Amino acid sequence: MAALLPPPKRQKIYHGVPEPEPEPIKPSPNVVVQFVNEHDGTPIAPAVNLPANVARESLEALVNQLRTKEDDDHVPFAFHVALPEDAAKPDPPTRIVISKSIEADILNHPSNSFSEENILVVRCAPQSVFKVRPATRCSSTLSGHSSPILCASFSPTGALLATGSGDTHVRLWDLNTEMPSHTLIGHAGWVLCVEWDPMERKLASGGHDGHVRLWDPKTGKPIGDAMKGHSKWVTSLAWEPVHINASAPRLASSSKDGTVRVWSTSTRKLEYALGGHTASVNVVKWGGGGKGGKGVLYTASSDRTVRVWDAQGGKQLMILKDHAHWVTTLALNTDFVLRTGPFDHTAKRAVSDEQAQSLALKRYETLVSRTPELLISGSDDHTLFLWSLFSSESGGGGKSKPLSRLTGHQRQVSHVAFSPDGRWAASAGWDSAVRLWDCSGNLGKFVATLRGHVGAVYRLAWSADSRMVVSASKDATVKIWDLKTYKLKADLPGHTDEVYCVDFVADKVVSGGRDRTIKM
């Protein structure tokens, strides 16, 4: 018997209409692309003709092939194209980041600024070789403080966390087990700031009682008595960088009484006090720059000035008087390197002080060789200024004119922070926006606004790979922003009241606030 053939396939009919013909795949146009270095605009290679639908990963591989450097390491790159100035739209983004392909992101961009006829100048920014996973869930909620948590800070290696609170205690938490390890009792008033020594040997805390205290994080015991001298409360603390002094770094404390005091931590005696400000000193930073690399102190005050001091003897070097209102926040592009000292993402530990000093110096010089030490000051006059005070052009001396004025916030600026690689700065304001600025090439150009908070943004922190920024706000949320899309990457709810402090280490985000709990 002959094999039975199956019945012919019925043609599928969509509501009585036969199936449409499959669309032919559109041919992708070819575009001429010129890859340039984002930092100084120099071409990486001659212009190349590419299909526009080449994926971003292939572009990265291509740029690594084209680079004429001898090093074989594959460097990850981020690509973007600058948008032409469009006067019609208020506050437009200034660049398009290539996340899929040139065709999808640039030729099909709603602004229609580019066609395949143009030579596309693609700017390539090298990224860090390691990647930080975004935090997505709350792994633990730690209670223990009995009043709002005012400050939180990770230790340089990220193994411990210190939090200071209005209950006059400092608490240490072990991050591997996410459990409390010590409670440090000694202050008589709110603990307003905690700061780790970059070698992770000591912890300093400053309180509303005007005292500065040192603690041993291993035992949780105080190192000696409180360092007294301020007549009003302590507003911020800064340690001397490891690459200048690894064995016994000094500590600077700024206070509401208008002075900054520098303490020797081995003897706990006052080395010198800096008078000169006529109102509260809101923040002190200890930079690694200055003449001969001996370090400088930057202080910002409610007398509307930022002052720069020589850290060796306390001589005043400059007064920067451009702000029109209180100066409340400062950031250095070297902050991350100075804070983590000799520790980097490879988790090697230095054997001796000398080795730690040379490791820290190497990390510092790598960063400063790209851009000299930059300072950003943010103020209640809604603006920020970008300064390069000790660049090579000024002959190591100082020029006290700002490089640029960063405007755009509608209300007071509450916090500004540089990314760990020193290329970006993010500023947070009472207008509930976070703004991103491009500080490579010393420009301070506005990049994008990150909107999403519905209350004032109090604090910012960057991930160690400079690819994400996290913000803490009055609206009781912590938000992680993705810098490829300038959109919200993850919303971390859970706090029941305002979040005052946030810090980011490895893939952990820690936040604390008015609801007296810490969330990781």
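Model, not experiment: these values are computed from the prediction. (Residues numbered from 1 in each chain as written. Predicted model: local features only at pLDDT ≥ 70, side-chain atom pairs only at ≥ 80, totals over all residues. Heavy atoms only, no water.)

Q: Can you explain the domain arrangement of the protein? Please cite residues and give values.
A: As far as domains go, the protein holds domain 1 (30–68 + 75–126) and domain 2 (141–519). In this structure, domain 1 and domain 2 have C-alpha centres spaced 35 Å apart. Between domain 1 and domain 2, the contact holds 11 residues from the first and 17 residues from the second. Taken together, both faces of the contact between domain 1 and domain 2 bury some 1,200 Å²; the carbon and sulfur share is 45%. Ionic pairing is found between arginine 95 and aspartate 438, a salt bridge with its closest N-O pair at 2.9 Å. Our count for the contact surface shared by domain 1 and domain 2 stands at one residue pair in polar contact (both at pLDDT 80 or more). Of the residues that constitute the side of domain 1 that touches domain 2, the class distribution is five nonpolar, two polar and four charged. (Domains from an automatic or database assignment. Contact = heavy atoms within 4.5 Å. Buried area = accessible area lost by both parts, 1.4 Å probe. Salt bridge = Lys/Arg side-chain N within 4 Å of Asp/Glu carboxyl O. Polar contact = N/O pair within 3.5 Å; in protein donor to acceptor, adjacent residues only side chain to side chain. Nonpolar A, V, L, I, M, F, W, Y, C, P; charged D, E, K, R; others polar.)

Q: Talk me through the sheet that holds strand β18 (residues 251–255); I want residue IDs and the actual numbers.
A: Spatial ordering of the open sheet is given by β17-β18-β19-β20, a layout of four strands whose pairing is antiparallel. Only two strands of the sheet have a single neighbouring strand rather than two, namely β17 (234–239) and β20 (269–274). The mean inter-strand angle of the sheet, taken between neighbouring strand axes irrespective of direction, is 25 degrees. (Pairing = 2+ DSSP bridges. Helix = DSSP H or I, 4+ residues; strand = E, 2+ residues; numbered from the N terminus. Axes fitted to C-alpha atoms, helices over the stretch in contact; angles between N-to-C directions.)

Q: Requested: an account of the packing of aromatic side chains, with residues and values cited.
A: Scanning the entire structure with this criterion turns up six aromatic pairs. Note on tryptophan 430 and tyrosine 458: the rings are 5.5 Å apart at their centroids and 70 degrees apart in plane angle, and the pair reads as edge-to-face. Of this pair, tryptophan 430 sits in the loop between β30 (424–429) and β31 (433–438) while tyrosine 458 sits in strand β33 (residues 457–462), and the two are 28 residues apart along the sequence. Note on tyrosine 458: relative accessible area 13%, which makes it buried. (Phe/Tyr/Trp six-rings, centres within 6.5 Å; stacked < 30°, edge-to-face > 60°. Buried < 20%, exposed > 50% of the residue type's maximum accessible area, 1.4 Å probe, protein only.)

Q: Could you give me a rundown of the pairing of strand β38 (residues 508–513), with the residues and numbers involved?
A: The buried count for β38 comes to five of six residues, which makes it a mostly enclosed element. When β38 meets strand β39 (residues 518–519), the two strands line up antiparallel, connected through two bridges. Bridge pairing in β39 links serine 511 to lysine 519. Connecting β38 to the next strand, β39, in antiparallel fashion are four residues, including arginine 516 with a positive phi near 70 degrees.

Q: Give a description of the pattern of salt bridges that names residues and reports values.
A: Side-chain pairs of opposite charge can arise whenever the charged atoms involved come near each other. Tallied over the full model, the rule gives 13 salt bridges. Among the ionic pairs, arginine 339 bridges to aspartate 503, the shortest N-O distance being 2.8 Å. Residue arginine 339 is located in helix α3 (residues 335–340), and its partner aspartate 503 is located in strand β37 (residues 499–505); the two are separated by 164 residues in the primary sequence. Using a relative accessible area of 7% as the deciding quantity, one classes aspartate 503 as buried. Sharing partners across several salt bridges, the network here consists of Glu240, Arg250 and Glu271.

Q: If you had to explain the UniProt feature "repeat: WD" (unreviewed entry) in the protein to someone new, which residues and values would you point to?
A: The positions UniProt marks with the feature "repeat: WD" (unreviewed entry) are residues 142–183, 184–225, 227–273, 274–319, 406–438, 450–491 and 492–520. When the span residues 184–225 is considered, its composition is 0% helix and 48% strand, and the gap between its end C-alpha atoms is 13 Å. Between the C-alpha atoms that bound residues 450–491 there is a distance of 13 Å. The span itself is 0% helix and 57% strand. (UniProt positions renumbered as here; feature names shortened; annotations may be inferred.)

Q: Please give an account of the state of the cysteines that cites residues and values.
A: Under the definition given, this model contains zero disulfides. Here cysteine 193 stays unpaired: no disulfide links it, and the sulfur of cysteine 151, its closest cysteine neighbor, is 6.4 Å away. Left without a disulfide partner, cysteine 501 is nearest to the cysteine sulfur of cysteine 151, which lies 6.6 Å away. By relative accessible area, which is 3% here, cysteine 501 ends up buried. (Disulfide = S-S within 2.5 Å.)

Q: Requested: an account of the sheet that holds strand β6 (residues 95–97), with residues and values cited.
A: Reading across from one edge, β4-β3-β7-β5-β6 is the order of the five strands in this open sheet, with mixed pairing throughout. Of all strands in the sheet, those bounded by a partner on one side alone are β4 (48–51) and β6. Sheet twist, expressed as the average angle between the axes of neighbouring strands with direction ignored, equals 40 degrees. Note that strand β5 (residues 77–82) and β6 share three bridges and pair antiparallel. Pairing of histidine 80 across the sheet is with valine 97, part of β6. Helix-sheet contacts for helix α1 (residues 56–66) involve β3 (30–37), β4, β5 and β7 (119–126), and the interaxial angle to β5 is about 100 degrees.

Q: Explain α1 to me, and be specific about the residues and the numbers.
A: Owing to its 3.6 residues per turn, the α-helix aligns residues three or four sequence positions apart on the same side. What α1 keeps buried is the set Arg56, Leu59, Glu60, Val63 and Asn64. Along the long axis of α1, the arc covered by the buried residues comes to 135 degrees, so they all point the same way. Exposed positions of α1 whose direction lies more than 90 degrees from the buried face are Glu57 and Gln65. Buried-residue contacts for α1 involve β3, β4, β5, α2 (102–107) and β7. (Arc of directions from axis to C-beta.)

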